[in-house]
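Spelled out, the chains give:
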Amino acid sequence: MIYKIAICDDSDIDSKYISDLLNVWAKSRDILIKSECFSSAESFLFHYEEDKTYNLLLLDIEMGKMDGVTMAKQIRKENDAVQIIFITGYSDYISEGYEVSALHYLMKPINEKKLYAVLDRATEKIIRNEEYMNLILSGEMIRIPLYEIRYLDVQKNYVTVHCKENYTVKRSLGEVEKLLDNRFFRVGRGTVINLEYIRRVTKTDVYLSDGTILPLPRGIYDSLNRAIITHT
């Protein structure tokens, strides 16, 4: 697999430095990459309209007319799979990264070891995003990317998989749960949640990034928080 990476930074010096580090990292991991540099959010988005096959974006935040966070929000409207890493000299924007499911923030000047560790995480997630759940519905097999699934819940003998489209199948939650991986956490008897969509947890509720609020059964709060920390 060739990992396609875009570097978007209005500093040519910073772009060249990051590009060089990417090449060193790729060689040390024995993987293939194709990286491209863009000097503005606008120039990348223009190119992106014709080519949406990028696996990873390294975005500066402070750029010209359009900042990196605004650019990421625009991309996230149609692409949940691409991994986004913000590279910035400012810490003020970190909370906004949750809105676009950013993998990480790296502060300038870039530390090589920290960058390589985040790139390792990114490639792991890219590989995991190729995993699917196969369901048979009305005699037809539906392949659902695991990263698209926000949560699953059960009503009587039917499980509903909540993703871009909702799918309901007559199976037990335990049977469907076996088709998932360790990014999913069982909350009580009737719900399984994708940890990567969780944005906030209280003693009574779980808040997902799409605005969904799910009730949290008593006694689950601590174990769910441990699962989130371990998964992160």
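What you see is a predicted model; the values in this text were computed from it and never measured. (Residues numbered from 1 in each chain as written. Predicted model: local features only at pLDDT ≥ 70, side-chain atom pairs only at ≥ 80, totals over all residues. Heavy atoms only, no water.)

1. Re the pattern of salt bridges
Per the counting criterion, the structure on display carries 16 salt bridges. Between Arg29 and Asp120 there is a salt bridge, and its shortest N-O distance comes to 2.8 Å. Here the residue Arg29 occupies a position in helix H1 (residues 12-29), and Asp120 occupies one in helix H4 (residues 112-128), the gap between them amounting to 91 residues. On the basis of relative accessibility, which here comes to 36%, the residue Arg29 falls in the partly exposed class. A relative accessible area of 23% places Asp120 in the partly exposed class. (Salt bridge = Lys/Arg side-chain N within 4 Å of Asp/Glu carboxyl O. Helix = DSSP H or I, 4+ residues; strand = E, 2+ residues; numbered from the N terminus. Buried < 20%, exposed > 50% of the residue type's maximum accessible area, 1.4 Å probe, protein only.)

2. Comments concerning the side chain of Asn55
Inspection of the secondary structure puts Asn55 in the loop between helix H2 (41-48) and strand S3 (56-60). Engagement of the side chain of Asn55 in a polar contact is seen with the backbone nitrogen of Lys4, the distance being 2.7 Å. Other than its neighbours up to four places away in sequence, Asn55 contacts Met1, Ile2, Tyr3, Lys4, Val82, Gln83 and Ile126. (Polar contact = N/O pair within 3.5 Å; in protein donor to acceptor, adjacent residues only side chain to side chain. Contact = heavy atoms within 4.5 Å.)

3. Topic: unusual backbone geometry
Phi is mostly negative for residues that are not glycine, and the peptide bonds are mostly trans. A cis amide bond links Lys108 with the next residue in sequence, Pro109, at an omega value of -5°. Checked against the element boundaries, Pro109 lands in the loop between strand S5 (104-107) and H4. Unlike most non-glycine residues, Asp30 shows phi in positive territory, near 60°. The residue Asp30 is located in the loop between H1 and strand S2 (32-38) in this model. Asp30 gets classed as exposed once you look at its relative accessible area, which sits at 72%. Phi at Lys156 is positive, roughly 55°, even though this residue is not glycine. Its location among the elements puts Lys156 in the loop between strand S8 (151-155) and strand S9 (158-162). Taking the relative accessible area as the measure of exposure, Lys156 reaches 81% and is therefore exposed.

The analysis is restricted to geometry; functional conclusions fall outside its scope.
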